[in-house]
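# Observations on the three-dimensional arrangement
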Amino acid sequence: MSNAAEKKLLRIACREFESRLFVGTGKFASNELMAQAIEASGAQMVTVALRRVDIDNENDNMLAAIDRKKYLLLPNTSGARDGEEAVRLSRLARVASGINWVKLEVTPDPHYLLPDGEETLKAARILVKDGFVVLPYINADPILARKLQDAGCATVMPLGSPIGSNQGLATRAAIEIIIRQATVPVVVDAGIGAPSHAAEAMEMGADAVLVNTAIASAQDPVRMARAFKMAVEAGRIAFETGLAPKSAAAQASSPLTGFLRD
Amino acid sequence: MSFVLTINGQEKEFAQRPGSLSALLSELKINEATVVAEVNGQIVERKDFSTTRFEEGARIELVRFVGGG
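Residues numbered from 1 in each chain as written. Chains lettered and ligands numbered in written order. Predicted model: local features only at pLDDT ≥ 70, side-chain atom pairs only at ≥ 80, totals over all residues. Heavy atoms only, no water.

### Focus on the interface of chain B and chain A
Counting residues at the interface gives 25 residues for chain B and 31 residues for chain A. Of all residues in chain B, Arg64(B), Phe65(B) and Gly69(B) bury the most surface against chain A, accounting for 33% of the area lost on that side. If you look at where chain B meets chain A, you find 3 salt bridges. Between Glu38(B) and Arg88(A) there is a salt bridge; the shortest N-O distance is 2.5 Å. The interface formed by chain B and chain A holds 13 residue pairs in polar contact (both at pLDDT 80 or more) in total. Listing elements by their share of the side of chain B that touches chain A, those giving two or more residues are strand 2 (10–14), strand 3 (36–39), strand 4 (42–44) and strand 5 (59–67) of chain B. Here the element with the most residues in the side of chain B that touches chain A is strand 5 of chain B; it accounts for 7 residues. Tallied by class, residues from the side of chain B that touches chain A come to 12 nonpolar, 7 polar and 6 charged. (Contact = heavy atoms within 4.5 Å. Buried area = accessible area lost by both parts, 1.4 Å probe. Salt bridge = Lys/Arg side-chain N within 4 Å of Asp/Glu carboxyl O. Polar contact = N/O pair within 3.5 Å; in protein donor to acceptor, adjacent residues only side chain to side chain. Helix = DSSP H or I, 4+ residues; strand = E, 2+ residues; numbered from the N terminus. Nonpolar A, V, L, I, M, F, W, Y, C, P; charged D, E, K, R; others polar.)

### Here's the deal with the pattern of salt bridges
In the structure shown here, the tally under the stated rule is 16 salt bridges over all chains. With its nearest N and O atoms 3.3 Å apart, the salt bridge here joins Asp56(A) to Lys12(B). Here Asp56(A), found in the loop between strand 4 (45–52) and strand 5 (72–75), pairs with Lys12(B), found in strand 2, and the two come from separate chains. A relative accessible area of 23% means that Lys12(B) is categorised as partly exposed. Connected through salt bridges with shared partners, the residues Arg91(A), Arg94(A) and Asp130(A) form a single ionic network. (Buried < 20%, exposed > 50% of the residue type's maximum accessible area, 1.4 Å probe, protein only.)

Right, here's the structure in full:
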């Protein structure tokens, strides 16, 4: 958002968030560790996925580990291969969660898990009309971001690099354009592998970041969650403050007079 | 006579017809508070589980939240 610098809270649809770090709940070694990491991250929004129940084995109820009073549940449509499947998953998620927020993702290719922009836009239009608050996961495509914004999406969520790849902001230049154009919050999602990547996105003016693998797969997810919290806060403060300009030549920090040789 | 339902894509045989979706879930030992169901492509609200019945061969989807990013 162009005037985000004056705003302290992140506003999405009609909700406000103090934290600009969203945390994914996949890949944690246990529900207890997940709950502790979420707590340490300071996040107020956590993502979850919908999957078939295993009817032959006991099913783990991960939702019991998430305090719904503290964290907004953001169901995703992961696994959807086209827009139609994403709409179906969104409607199931709405019944399961009791809220109408959805992280829309359509990823037909299992190798790179890159989002299908055309199907995402198609599904977004249906879901917005159906009353959903839609947060679409997209490639860092400024034109598509604008179309989704115009379609009534609550945010756009461009990827930094492929999901779980920890490659950081490989799409930096395109994300900068998306941020410059956006009238809805820009949440950088996917590929953020280190706190420095998160800080970089926030310094660029991203409104929030979503991190999962880098926290869940860390040796100590709780401490890593804290590291991400600090990085997101640092990056945000730097953005609000305004970074000092770059220059090609050195600009001395110490006085250029009074040398011993003078 | 057995009663066949397709649950999450798998055919499953029951000795007799489960009286409702709630009865089916309890037979499968699934906590109904944690699942969402579709019967023949139609979402069933949790409050309607105990009154939802099905015909032989009905397609039932049972889903729940899991960790995800």
